[in-house]
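Commentary on secondary and tertiary structure
Each chain is listed here by its residues.
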Amino acid sequence: MGRQQVGSLASTDRRKLIRGLGLGGLAALLPSSEAWADDRVRLPLPGGPDQRELTTIFPGKGKMILQRTRPPLLETPFEVFDEGVFTPNDRFYVRWHWASIPSAIDADAFRLKIHGHVEREVSLSLKDIATLPRFEIAAVNQCSGNSRGLFEPRVSGAQWANGSMGNARWTGVRLKDLLDKAGVKAGAVQVRFSGLDEPVVDEAPDFKKSLDLDHARNGEVMVAYAMNGAQLPLLNGFPLRLVVPGWYSTYWVKMLSDIEVLDKPDELYWMKTAYRIPDVPGANIKPGQTGFKTVPINRMVPRSFVTNLRDGGSVKAGSPVALRGIAFGGDCGVKSVEFSGDSGASWFPAELGADEGTYSFRRFTGSLPALAAGSHAVMVRCTNTNGLVQPIEAVWNTNGFMQNGIETLRFQAA
């Protein structure tokens, strides 16, 4: 079963946490004088370009695929996902909307404001938040546009491969407990969130996202101050970020500083216009299709990946081929993972690893029989606990969102 914890922070842990949160300043967010890249990687992007720079010069980050410098978009190299269920903080992908991001934060002066349709406006310091009951949950954070670079025909936007996702154990406080501090008034319908990043020009819309009140108060949505047992990295949202398990990361507001309770639906740009999907199963339409309704993007869908083989790589002919990978159910758990070595004519069950929680990556293993020399392929699919299965065909929509078609990995036996 998944592990979720609510309880009082032990006094020793609390003191350590408060000391950690009390950093007065952090290293510069963006490098200024060094070369951006120290290597290159080839990504299987059909629309190209398939070469991307690798960089190690962003603070708190190891070697990452550089998709964009300002605002920083850093993709996790895919081999990292073979190392374990939880994505290391220094290899966890980065995605911001605006380039105006604080390069240092005075944690002692920082305050989280809760206001709007509430009984009383509150302003909480990090020390105030650290005294609230602790909550912990494992959850995948995945960009809405993860794998956008694999869309055919190509769509506009950041051309990610499969690495704009990561899995972490998040520690913080339940959003419900924070809202209770302010006292939500009758008639409230949504809760809106914003952070310390700002638009680069005055007329651009400040990045704000909203959740329905019942969702915000479901006991799983949380405000995190730590990931994988360590302080949040600056690039991943220090000092606080919203965590919305099972939903795409557009809702996981970073550097969270403002929570506003609304008595009417949010009609601002980032809900009414941006991050909307076709209101059809899987958000899957045909290129050129029009006349469909749209809704704000919301729940994630199941995905699975082989992690120990490289597309275009090679294996030894005449020997069984070990398979290892990760899967997640999206907005629920993983029921099963299957693989096929004959283009989907037959499927075989993989063995599932430990269950780290409903919203976490889950490891799987399997093997293909000894293969003759030549070209081969393996397909992998996940079925989640709600019975939703990855589709055989790749998903397509104009924004490049919610890709979860069955992955096919091609390789040579020699």
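What counts and what doesn't
Residues numbered from 1 in each chain as written. Predicted model: local features only at pLDDT ≥ 70, side-chain atom pairs only at ≥ 80, totals over all residues. Heavy atoms only, no water. Helix = DSSP H or I, 4+ residues; strand = E, 2+ residues; numbered from the N terminus. Rg over C-alpha atoms; globule rule 2.2 N^0.38 Å. Buried < 20%, exposed > 50% of the residue type's maximum accessible area, 1.4 Å probe, protein only. pLDDT = per-residue confidence, 0-100. Contact = heavy atoms within 4.5 Å. Pairing = 2+ DSSP bridges. Salt bridge = Lys/Arg side-chain N within 4 Å of Asp/Glu carboxyl O. Disulfide = S-S within 2.5 Å.

Let us now look at the overall build of the protein chain. Across its full length, the protein chain carries five helices and 27 strands. The C-alpha radius of gyration computed for the protein chain amounts to 22 Å, which stays within 12% of the reference 22 Å derived for 414 residues, consistent with globular compactness. Taking the principal axes of its C-alpha atoms as reference, the protein chain extends roughly 70 × 50 × 45 Å. Residues counted as buried form 54% of the 414 residues belonging to the protein chain.

Looking at the protein chain as a whole, its pLDDT mean stands at 92, while 91% of the residues score no less than 70. Considering only residues more than four positions removed or in separate chains, one finds that residues 1-12, a stretch of pLDDT under 50, has 28 contacts. In the model, residues 14-28 has pLDDT below 50 throughout and makes 34 contacts with residues more than four positions away in sequence or in other chains.

What follows deals with the pairing of strand β7 (residues 112-116). Bridge count for β7 against strand β8 (residues 122-124) is three bridges, and the pairing is antiparallel. Looking across to β8, one finds that Ile114 is bridged to Val122. Counting the residues in the hairpin turn of β7 and β8 gives five residues. Pairing analysis gives four bridges linking β7 to strand β16 (residues 256-262), with the strands arranged parallel. The partner of Lys113 across the bridge, within β16, is Asp258.

Enumeration over the complete set of coordinates arrives at 15 salt bridges. Residue Lys176 is joined to Asp180 by a salt bridge in which the shortest nitrogen-to-oxygen separation is 3.3 Å. Separated by four residues within a single helix, Lys176 and Asp180 lie in helix α3 (residues 175-182), roughly one turn from each other. On the basis of relative accessibility, which here comes to 35%, the residue Asp180 falls in the partly exposed class. Asp266 serves as the salt-bridge partner of Arg192, at 3.0 Å between the closest nitrogen and oxygen.

Moving on, we come to the sheet that holds strand β6 (residues 94-95). In spatial order, the strands read β2-β3-β4-β5-β6; together these five strands make up an open sheet with antiparallel pairing. In the strand order of this sheet, the two ends are held by β2 (39-42) and β6, each with one partner. With two bridges joining them, strand β5 (residues 73-75) and β6 adopt antiparallel strand pairing. From the neighbouring strand, Leu74 faces β6, where its bridge partner is Val94.

With that settled, consider the sheet that holds strand β25 (residues 362-368). Taking strand neighbours across the sheet as the criterion, the four strands line up as β19-β21-β25-β24 in an open arrangement whose pairing is antiparallel. Strand pairing shows two members of the sheet lacking a second neighbour, β19 (303-306) and β24 (351-352), which therefore form its edges. With seven bridges connecting them, strand β21 (residues 321-328) and β25 associate as antiparallel partners. Opposite Arg324, over in β25, you have Thr365 as the bridge partner.

Inspection of every chain in the model, using the stated rule, returns zero disulfides. The structure places no disulfide on Cys332, whose sulfur is separated from the nearest cysteine sulfur, that of Cys382, by 8.3 Å. Judged by its relative accessible area of 7%, Cys332 falls in the buried class.

On to unusual backbone geometry. In the segment running from Arg70 into Pro71, the intervening peptide bond is cis, with an omega of -10 degrees. Of the consecutive residues Phe238 and Pro239, the connecting peptide bond is found in the cis state with omega at 10 degrees. Assignment of secondary structure puts Pro239 in the loop between β14 (230-231) and β15 (241-243). Within the chain, Asn228 stands out as a residue other than glycine whose phi angle is a positive 55 degrees. Within the fold, Asn228 resides in the loop between β13 (222-227) and β14. For Ala283, which is not glycine, the phi torsion reads 55 degrees and is therefore positive. Mapped onto the fold, Ala283 is located in the loop between β17 (276-278) and β18 (294-296). On the accessibility criterion, Ala283 (2% relative accessible area) is buried.

For the rest of this paragraph, the subject is the environment of Arg410. Within the fold, Arg410 resides in strand β27 (residues 407-413). When the C-alpha positions of Arg410 and Ala377 are compared, they lie 4.2 Å apart, and in sequence the two are 33 residues distant. Once residues within four sequence positions are removed from consideration, Arg410 is found in contact with Arg310, Asp311, Gly312, Gly313, His376 and Ala377.

On to the environment of Val155, then. Within the secondary structure, Val155 sits in the loop between β9 (134-142) and β10 (165-174). When the C-alpha positions of Val155 and Asn397 are compared, they lie 8.2 Å apart, and in sequence the two are 242 residues distant. Residues in contact with Val155, not counting those within four places in the same chain, are Arg148, Trp396, Asn397, Thr398, Asn399 and Gly400.

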